[in-house]
Amino acid sequence: MTPITLAQFFHWYYPSDGSLWNQLKEKAPELAKTGINAVWLPPAYKGASGGYSVGYDTYDLFDLGEFDQKGSIRTKYGTREEYLAAIEACHQNGIKVIADVVFNHKAGADESEKITVRRVDPNNRKEFISEPFEIEAWTKFTFPGRGQKYSNFIWDHTCFTGIDWAKDIEESGIFSIQNEFGEGWEDLTDDELGNYDYLMNADIEFRNPHVREELKHWGRWYLETTNAGGFRLDAVKHMSPKIINEWVDYVQEYCHDQLFIVGEYWNVHDVTALHQYIDATSGRVQLFDAPLHQNFYVASRMGKDFDMRHIFDNSLVKIIPELTVTLVDNHDTQPLQELESPVEAWFKPIAYSLILLRQEGIPCVFYPALYGAHYKDHGDDGQEYEIWLSAVEELPTLLKLRKLSLKGDQHDYFDHPNCIGWIRTGTVEEENSGFAVVLSNGSDGWKYMELGTHRAGRKMVDILGKIPSEIILNEKGGADFPCPAGNLSVWVTKELAQNFSSL
């Protein structure tokens, strides 16, 4: 069975020129050849900032770049027709498409309403700091550019639990909307900030049954329209697991094939919180391994002072690998973004080997690692910075090796603070399958490892070309496998290396 290899086919600063869908259509054959068989695409619907929206300021879920709304017909990434054509190109090349969706909030309301609210303490959202009072707020969504095509649902204040701006008194804050479904927030799985239901904009009220039905209607419409193979659910830590369970069950029942569902629950310090969410959703939703990303980030900053034996400590992939999507970086952690914590360039090949060449988890490769990225933006200090992110030179080889040779048992040699390794034994039937990985975050290193007697006497070479010499395996299929300082080597049979480019 071919392992799933996911690519995040965008980054926060991708140009706002409507070209992404067309680029994906063009790149689909190349992606498939390298071993990518699933792509996570950015939100395809219209955001509040129109043609400049990255997609997380959700305005109209039904506008995939079809209607003149928010100053644009197309989205940042292209038109509806281009989106559907890109998906079809992916399908023709055996690539599953994962659609990004933000259910937590809406932005860019068309009208304001008079509503009753109470202020809450931003650091403890369970604590009210005012009596009920009336404000005027942007809470009514009528979608005049779309009319009633696809849906005639009107979102008003009864569809939201909170807002962050009072239009009439021109004040910001966190205002809990007092409605028939409750005066407070929905129940969540942890108690960060008392209750972290409210994140931004107009926070959706999932206790309203009409809201739940509308989102289920949208899910079915979206699958019928796009033939997407799954969803990436944004900001699930801010939503009750009950709505996630209800919605996933509904769309999965409608869809004949098993949908790929992954949620973003961003907690880099406490893997228990992620485990609790997986329990609350009964395994319906996979999660991104935010703590593992943090380990990579810290390791890249600490250099030889990081103990590589502990690289998987506190990670989700260590405890629930079957429900884990691993990653090195994403659009939130890239430089100048809100969760800025980019893994340093020297460590990225090491990090990608740790997610691509192991049996646990489903790896996700970030767009700049494939193609690079260049952009400018302002930092928290108000200064403008120019950012260059280089593609990871070793990545195409690692991806292809995952596709061709990720077979046999895995044995770890995590027995030194700076130099670790592991092997995949391969199979007897496929004589060139299997490999040995050795990496060091310090000086030149080596690791004695055994692939098994079925590989005895075989010649091995470093497929990455870091070490030019050959190694001959002993009668146990073992050898001392070297690697350069602050780098990695991946040892494969000489025959596989010789034919690698043509496979």
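Everything here concerns the structure above.
Cut-offs applied
- Residues numbered from 1 in each chain as written.
- Predicted model: local features only at pLDDT ≥ 70, side-chain atom pairs only at ≥ 80, totals over all residues.
- Heavy atoms only, no water.
- Pairing = 2+ DSSP bridges.
- Helix = DSSP H or I, 4+ residues; strand = E, 2+ residues; numbered from the N terminus.
- Contact = heavy atoms within 4.5 Å.
- Axes fitted to C-alpha atoms, helices over the stretch in contact; angles between N-to-C directions.
- 1 Å grid on protein atoms, 1.4 Å probe; cavity = no way out; pocket = protein on both sides within 12 Å on 5 of 7 lines; lining within 4 Å.
- Points joined across faces, edges and corners; volume = space filled by probe spheres on them.
- Nonpolar A, V, L, I, M, F, W, Y, C, P; charged D, E, K, R; others polar.
- Core = buried A, V, L, I, M, F, W, Y, C linked by side-chain atoms within 4.5 Å.
- Buried < 20%, exposed > 50% of the residue type's maximum accessible area, 1.4 Å probe, protein only.
- Expected span 1.5 Å × (residues − 1).
- Polar contact = N/O pair within 3.5 Å; in protein donor to acceptor, adjacent residues only side chain to side chain.

K.L.:
Could you clarify how one ought to interpret the sheet that holds strand β20 (residues 410-413) in this entry?
P.N.:
Neighbouring strands of a sheet are bound in pairs by backbone hydrogen bonds; such pairs are parallel or else antiparallel. Pairing is antiparallel across the open sheet formed by six strands, whose spatial order is β20-β21-β22-β27-β24-β25. The sheet is open, and its two borders are formed by β20 and β25 (471-472), each paired with just one other strand. As paired strands, strand β24 (residues 459-462) and β25 are joined by two bridges and run antiparallel to one another. Its bridge partner lying in β25, Lys-459 is registered against Ile-472. Where helix α8 (residues 348-356) meets the sheet, it contacts β21 (419-424), β22 (435-440) and β27 (487-493), and its direction lies at approximately 140 degrees from that of β22.

K.L.:
Where do I start with empty space enclosed by the protein in this structure?
P.N.:
Any empty space left between the atoms is revealed when a probe the size of a water molecule rolls over them. Summed over the entire model, instances satisfying the criterion amount to four cavities of 30 Å³ or more. Estimated volume of the largest cavity: approximately 50 Å³. Around the largest cavity, the lining residues are Asp-60, Leu-61, Phe-62, Lys-106, Phe-143, Arg-146, Ser-151, Phe-153, Trp-155, Glu-214 and Trp-218. Looking at the lining of the largest cavity, its residues break down into six nonpolar, one polar and four charged.

K.L.:
I keep staring at the nonpolar core and nothing clicks. Help me out?
P.N.:
The tendency in soluble globular proteins is for nonpolar side chains to be buried as a group. Counting 137 residues, the largest nonpolar core has Trp-155, Trp-218, Tyr-222, Phe-231, Phe-296, Tyr-352 and Val-490 as the members making the most contacts within it. The contact partners of Trp-155, leaving out residues within four places of it in the chain, are Lys-106, Thr-139, Lys-140, Phe-141, Phe-143, Phe-160, Ile-204, Val-211, Glu-214 and Leu-215. Counting residues in hydrophobic clusters, the runner-up holds 15 residues, among them Cys-419, Val-438, Met-460 and Trp-491.

K.L.:
Could you clarify how one ought to interpret helix α3 (residues 209-226) in this entry?
P.N.:
In an α-helix there are 3.6 residues to a turn, and that puts residues three or four apart on one side. For α3, which comprises 18 residues, the first-to-last C-alpha distance of 26 Å matches the rise-based estimate of 26 Å (1.5 Å per residue) to within 8%. Taken together, the buried positions of α3 are occupied by Val-211, Glu-214, Leu-215, Lys-216, Trp-218, Gly-219, Trp-221, Tyr-222, Leu-223, Thr-225 and Thr-226. Where α3 is buried, its residues touch α2 (80-92), β5 (96-101), β12 (202-204), β13 (230-233) and α4 (241-254). Regarding α3, its N-cap is Asn-208, as a side-chain oxygen of that residue lies 2.9 Å from the backbone nitrogen of His-210 further along. Looking at the residues trailing α3, positive phi occurs at Asn-227, about 60 degrees.

K.L.:
Help me out: how do you make sense of the sheet that holds β13 in this one?
P.N.:
If you walk around this closed barrel you meet the eight strands as β1-β2-β5-β13-β14-β15-β16-β17, and the pairing is parallel. This sheet shows a mean twist of 25 degrees between the axes of neighbouring strands, independent of strand direction. Where strand β15 (residues 286-288) meets strand β16 (residues 324-327), two bridges bridge the pair, whose relative direction is parallel. Among the inter-strand pairings, Phe-288 is bridged to a residue of β16, identified as Val-325.

K.L.:
Explain the layout of surface pockets here, please?
P.N.:
The space that makes up the largest pocket amounts to roughly 510 Å³. Along its surface, the largest pocket is lined by 19 residues, and Leu-199, Met-200, Glu-264, Glu-338 and Leu-339 are the ones closest to its centre. There is about 320 Å³ of room inside the second largest pocket. Taken together, 18 residues line the second largest pocket, and the ones lying closest to its centre are Gln-258, Leu-259, Phe-260, Ile-261 and Gln-286. Broken down by secondary-structure element, the contributors of at least two residues to the lining of the second largest pocket are α4 and β14 (260-263). Counting residues per element, the lining of the second largest pocket draws most heavily on α4, which supplies three residues.

K.L.:
For this particular structure, what's the right way to read the side chain of Asp-234?
P.N.:
Structurally, Asp-234 is set in the loop between β13 and α4. Relative accessible area serves as the criterion here: at 7%, Asp-234 is assigned to the buried category. In terms of polar contacts, Asp-234 uses its side chain to reach the side chain of Arg-232, at 2.8 Å.

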